[in-house]
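# Chains, contacts and geometry: an overview
Here is what each chain is made of, one letter per residue.
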Amino acid sequence: GQQVMQIPQYQHVQEGEDFTTYCNSSTTLSNIQWYKQRPGGHPVFLIQLVKSGEVKKQKRLTFQFGEAKKNSSLHITATQTTDVGTYFCAGLIYNQGGKLIFGQGTELSVKP
Amino acid sequence: KAGVTQTPRYLIKTRGQQVTLSCSPISGHRSVSWYQQTPGQGLQFLFEYFSETQRNKGNFPGRFSGRQFSNSRSEMNVSTLELGDSALYLCASSLEITAYNEQFFGPGTRLTVL
């Protein structure tokens with residue numbers, strides 16, 4: 001079936017370093033959502049991107065939606081230990097009945 | 001505003017049994033989605049209910065079923081449990097259909113099948 005691929009699967013960084021996770025789809029996405037799941041917790045909504053080329057910022061987090069609406073990225077500047085967790089993207093495949101397809105997630109660990 | 005609640009939080013069953021999980025969405029939310037989360041497979045979409053109707057279904061066998069009541073509360077049922085059904089089952093609610101709306105996840109039900 002349709003898939004949304006997310007890389008990398010794991011990322012270990014030193015506190016203060018930047019971090020980026022990428023989401024890719026072989027087909028056009030109507031929109032993309034990003035979620036964060038802390039260890040032992042449940043996913044929490046971060047943001048939704050809808051427009052081609054859209055860029056949104058939340059403090060140290062920058063979200064981008066590709067021009068072709070087939071990829072997206074989440075970039076964290078100067079990571080902190082509070083950023084630890086798994087980041088998921090979820091894409092709505094165009095013309096696929098409205099199912100959100102989640103990426104496999106990127107697990108971020110931050111060494112103080 | 002109370003968040004999404006799921007009961008029970010933990011469940012241990014044996015192969016062949018059946019199980020019913022419950023989800024109470026945030027008040028006013030009409031859409032409830034269910035997901036299965038496992039370390040190897042990530043978050044897998046099970047189904048979405050909106051106004052008591054199943055709006056979407058993932059690629060799971062017929063042993064997995066669900067329903068939504070008039071008060072938007074939802075249940076999912078898994079019959080003839082298999083070892084591979086051991087997972088965290090997450091419920092998420094949204095104001096309207098999931099596809100374009102923020103989902104609020106519950107804490108999940110951790111199901112262990114022995």
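Residues numbered from 1 in each chain as written. Chains lettered and ligands numbered in written order. Predicted model: local features only at pLDDT ≥ 70, side-chain atom pairs only at ≥ 80, totals over all residues. Heavy atoms only, no water.

Glancing now at the pairing of strand β11 (residues 106–111) of chain A. Residue and element names in this part refer to chain A. Along β11, the buried face is formed by Thr-106, Leu-108 and Val-110; none of Glu-107, Ser-109 and Lys-111, which line the opposite face, is buried. Relative to β11, strand β2 (residues 10–14) runs parallel, the two sharing five bridges. Directly across from Val-13, in β11, lies its bridge partner Val-110. One ladder, built from three bridges, connects strand β9 (residues 85–93) with β11; its direction is antiparallel. Residue pairing for β11: Thr-86 is matched across the bridge by Glu-107. (Buried < 20%, exposed > 50% of the residue type's maximum accessible area, 1.4 Å probe, protein only. Helix = DSSP H or I, 4+ residues; strand = E, 2+ residues; numbered from the N terminus. Pairing = 2+ DSSP bridges.)

A few words on the nonpolar core. Among the nonpolar cores identified, the biggest contains 21 residues, and Trp-34, Leu-46, Phe-64, Met-76 and Tyr-89 of chain B are the most heavily contacted of them. Looking at this core, the elements that each hand over two or more residues are β3 (19–24), β4 (31–38), β5 (42–50), β8 (74–78), β9 (87–94) and β11 (109–113) of chain B. Sequence-distant contacts of Met-76 of chain B, that is, excluding residues within four places in its chain, are made with Val-19, Thr-20, Leu-21, Trp-34, Leu-46, Phe-47, Phe-64, Ser-65, Gly-66 and Tyr-89 of chain B. Grouped together as the second largest cluster of nonpolar side chains are 20 residues, Cys-23, Ile-76, Cys-89 and Leu-108 of chain A included. (Core = buried A, V, L, I, M, F, W, Y, C linked by side-chain atoms within 4.5 Å. Contact = heavy atoms within 4.5 Å.)

Once that is clear, we can look at the interface of chain A and chain B. Each partner contributes to the interface: chain A provides 17 residues, whereas chain B provides 22 residues. Roughly 1,600 Å² is buried in total at the junction of chain A and chain B, and carbon and sulfur atoms are behind 52% of that figure. For the pair chain A and chain B, the number of links is zero salt bridges. There are six residue pairs in polar contact (both at pLDDT 80 or more) connecting chain A and chain B. Secondary-structure elements contributing two or more residues to the side of chain A that touches chain B are β4 (29–37), β5 (44–49), β9 and β10 (100–102) of chain A. The residue inventory of the side of chain A that touches chain B, partitioned by class, reads seven nonpolar, nine polar and one charged. (Buried area = accessible area lost by both parts, 1.4 Å probe. Salt bridge = Lys/Arg side-chain N within 4 Å of Asp/Glu carboxyl O. Polar contact = N/O pair within 3.5 Å; in protein donor to acceptor, adjacent residues only side chain to side chain. Nonpolar A, V, L, I, M, F, W, Y, C, P; charged D, E, K, R; others polar.)

Now for the pattern of salt bridges. Under the criterion given, the structure shown has eight salt bridges over all chains. For Glu-54 of chain A, the salt bridge identified is with Lys-56 of chain A, shortest N-O distance 3.7 Å. Overall, the relative accessible area of 31% leaves Lys-56 of chain A in the partly exposed class. The residue Arg-63 of chain B makes a salt bridge to Glu-82 of chain B at a minimum N-O spacing of 3.6 Å. Of this pair, Arg-63 of chain B sits in the loop between β6 (53–57) and β7 (64–68) while Glu-82 of chain B is found in the loop between β8 and β9, placing the two residues 19 residues apart along the sequence. Relative accessible area serves as the criterion here: at 15%, Arg-63 of chain B is assigned to the buried category.

Moving on, we get to the sheet that holds strand β8 (residues 71–76) of chain A. Residue and element names in this part refer to chain A. Taken in spatial order, the five strands line up as β1-β3-β8-β7-β6 in an open sheet, and their pairing is antiparallel. The open sheet is flanked by β1 (4–7) and β6 (55–58), the only strands paired with a single partner. Adjacent strand axes in the sheet meet at a mean angle of 15°, parallel and antiparallel pairs treated alike. Here strand β3 (residues 19–25) pairs with β8 via six bridges, running antiparallel. Residue pairing across strands places Thr-21 opposite Leu-74, the latter belonging to β8. (Axes fitted to C-alpha atoms, helices over the stretch in contact; angles between N-to-C directions.)

So, on to the sheet that holds β7 of chain B. Residues and elements named next belong to chain B. Pairing within the open sheet is antiparallel, and its four strands lie in the order β1-β3-β8-β7. Lying at the two open borders of the sheet, with one neighbouring strand each, are β1 (5–7) and β7. Taking the axes of each pair of neighbouring strands and ignoring which way they run, one obtains an average angle of 20° across the sheet. Note: β3 against β8, five bridges, orientation antiparallel. The residue bridging Thr-20 from the neighbouring strand is Asn-77, located in β8.

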